[in-house]
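Commentary on secondary and tertiary structure
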Amino acid sequence: MSALLSSLPAALRMSSGLSSPVWRGGVAATDLGMDELVSLQAGAWFGTLSEALRCAVLARARVHRVASGAVLARRGSAATDWIGVLRGAVRLGTVLRDGRPFTLDLVGPGQWFGDIALIDGKPNDLDVVAQVPSTVLRVSQTDLRRLTADHPELRDALMMLNCQRLRHMFRRFEELHTLPLAQRLARQVLRLGRHFGRQCAEEVRIELRISQSDLAAMVGGSRQRVNAALRQLQALGLVRLGEARLSMLDASRLQELADADAQWWMQLGRRGTPRTSRSAAAAVDGLQDLARAWSRPG
């Protein structure tokens, strides 16, 4: 506990033992659980901001605890808040014409979003819905503009954050158009494990109820093929399927599948046999059956 508190901003350390909030009208450590404090400080982007800026953001933020299925924003609606996730998961997506939900991505603890629509003044591009019971911080458009006016550091940090998002989008786009389904699925499971995984004995349990339709939307495949690929991953001892739950049993071998040479996959799909290079053989050791069955893109 002392190590954690020593890593928090001074204002947070002071408030953690007090009953009254430090920031008038904003967030105090007493408003948050210990897991939420950890997520706040450990966020890869927020944690790099200066202590003064982090405290300034929290002084203008409100804590919202929302139930699973709660709608935070609708596609086409006016943007109102900049949102940081402290606990749970928020789904970014939309509803297709036939009524089926489409999931573009899941935002987990430590991640922030919603600033783009507040900056350019355009409507929300996606539905924002709590995937599970979640805790979020919300900063209004007016307060975000005040923060960026008062803190040039935040303007630069938001620009860097959007560069990260753009690079992530480029990588996802490249995956969808160049990698076979099994490889895209392996990468998505690893991403879910990083953001929502919890170590339990010898497996990483993804603490998130996610449907195979959601997975299919995120990897650009049909639900039926994703179901078959997951079952083959399970047969190989890489994952374990539960009721709307997923666990990674062998993350290192799953990573080998995710990183396997793309040309090897494509050549395998055409010829039905793997290349004989030492690096290719090492990268997919024990996964040939899966590769043969799922080397077709899409």
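Residues numbered from 1 in each chain as written. Predicted model: local features only at pLDDT ≥ 70, side-chain atom pairs only at ≥ 80, totals over all residues. Heavy atoms only, no water.

Overview of the packing of aromatic side chains
What describes a pair of aromatic rings is the distance from one ring centre to the other and the angle between the planes of the rings. Enumeration according to the criterion identifies 4 aromatic pairs in this entry. Aromatic ring contacts, followed pair by pair, group Trp-45, Phe-46, Trp-82 and Trp-112 into a single cluster. (Phe/Tyr/Trp six-rings, centres within 6.5 Å; stacked < 30°, edge-to-face > 60°.)

Regarding a nonpolar patch on the surface
A grouping of Leu-166, Met-169 and Phe-170 is seen on the molecular surface, where their side chains present a nonpolar patch of about 310 Å² in accessible area. The topology assignment puts Leu-166 in helix H7 (residues 152-178). (Patch = residues over 30% accessible without salt bridge, like charges linked within 9 Å, V, L, I, M, F, W, Y side chains within 5 Å. Areas by Shrake-Rupley, 256 points an atom, 1.4 Å probe, with all protein chains shown as cover. Salt bridge = Lys/Arg side-chain N within 4 Å of Asp/Glu carboxyl O. Helix = DSSP H or I, 4+ residues; strand = E, 2+ residues; numbered from the N terminus.)

Thoughts on the confidence of the model for the protein
Atom-level detail of predicted coordinates should not be read off regions where pLDDT is low. For the protein, the mean per-residue pLDDT works out to 80, and 77% of the residues sit at or above 70. Considering only residues more than four positions removed or in separate chains, one finds that residues 11-25, a stretch of pLDDT under 50, has 31 contacts. (pLDDT = per-residue confidence, 0-100. Contact = heavy atoms within 4.5 Å.)

Here's the deal with the packing of helix H8 (residues 181-196) against helix H11 (residues 251-259)
Here H8 crosses H11 at 135°, and the two axes come no closer than 8 Å. In this view, H8 runs oblique relative to H11, as classed from their interaxial angle. Regarding H8 and H11, the two cross each other, and that crossing is left-handed. Residues Ala-182, Gln-183, Ala-186, Arg-187, Val-189 and Leu-190 of H8 lie in contact with H11, whose contacting residues are Ala-251, Leu-254, Gln-255, Leu-257, Ala-258 and Asp-259. (Axes fitted to C-alpha atoms, helices over the stretch in contact; angles between N-to-C directions. Parallel < 35°, antiparallel > 145°, perpendicular 65-115°, else oblique. Left-handed = near helix turned anticlockwise from the far one by under 90°.)

Side note on the sheet that holds strand E4 (residues 90-95)
Spatially, 4 strands are ordered E2-E7-E4-E5 in an open sheet, and the strand pairing comes out antiparallel. Edge positions in the sheet fall to strand E2 (71-73) and strand E5 (101-107), since each of these pairs with one other strand and no more. Put simply, the sheet's adjacent strands are angled 35° from each other on average, direction ignored. (Pairing = 2+ DSSP bridges.)

A short note on unusual backbone geometry
Even without being glycine, Ala-201 reaches a positive phi, approximately 55°. Inspection of the secondary structure puts Ala-201 in the loop between strand E9 (197-200) and strand E10 (203-206). Residue classification places Ala-201 among the exposed positions, given a relative accessible area of 76%. (Buried < 20%, exposed > 50% of the residue type's maximum accessible area, 1.4 Å probe, protein only.)

Let's talk about the environment of His-195
Mapped onto the elements of the fold, His-195 is located in helix H8. Residues His-195 and Leu-106 lie 89 residues apart in sequence; the distance between their C-alpha atoms is 9.1 Å. In this view, His-195 contacts Pro-109 and Gln-111; residues no more than four positions away in its chain are not counted.

A short note on H11
Leu-254, Leu-257 and Ala-258 are the residues of H11 that are buried. Projected onto a plane normal to the axis of H11, the buried residues spread over an arc of 100° and lie on a single side. (Arc of directions from axis to C-beta.)

Here's the deal with the pattern of salt bridges
One pass over the structure, following the stated rule, counts 14 salt bridges. A salt bridge links Glu-207 to Arg-198; its shortest N-O distance comes to 3.0 Å. We classify Glu-207 as partly exposed; its relative accessible area is 32%. By relative accessible area, which is 43% here, Arg-198 ends up partly exposed. A single network of salt bridges, built from pairs that share partners, joins Glu-36, Arg-65 and Arg-87.

Quick notes on the environment of Asp-105
Its place among the elements puts Asp-105 in strand E5. Taking the C-alpha atoms as reference, Asp-105 lies 5.4 Å from Leu-92; in sequence the two are 13 residues apart.

Focus: the side chain of Asp-127
Within the secondary structure layout, Asp-127 lies in strand E7 (residues 127-130). A polar side-chain atom of Asp-127 sits 2.8 Å from the main-chain amide nitrogen of Arg-75. Apart from the residues within four sequence positions on either side, Asp-127 is in contact with Ala-73, Arg-74, Arg-75, Arg-91, Leu-92, Gly-93, Thr-94 and Val-95. (Polar contact = N/O pair within 3.5 Å; in protein donor to acceptor, adjacent residues only side chain to side chain.)

What to know about the nonpolar core
Counting residues in each nonpolar core, the largest one holds 29 residues, and the members touching the most others are Leu-185, Val-189, Leu-192, Leu-208, Val-226, Leu-233 and Leu-254. Elements represented by at least two residues in this core include exactly H8, E10, helix H9 (212-219), helix H10 (223-235), strand E12 (246-248) and H11. The dominant element in this core, judged by the number of residues it contributes, is H8, at 7 residues. Those residues in contact with Leu-185 that sit more than four places away from it in its chain are Val-219, Val-226, Ala-229, Leu-230 and Leu-233. (Core = buried A, V, L, I, M, F, W, Y, C linked by side-chain atoms within 4.5 Å.)

Here we look at the pairing of E7
Burial of the side chains of E7 extends over both faces: Asp-127 and Val-129 are buried on one face and Val-128 and Ala-130 on the other. As defined by bridge partners, E2 adjoins E7 across 2 bridges and the pair is classed as antiparallel. When the bridges of E7 are listed, Ala-73 appears paired with Val-128. Note: E4 against E7, 4 bridges, orientation antiparallel. Following the sheet pairing, Arg-91 is matched in E7 by Val-129.

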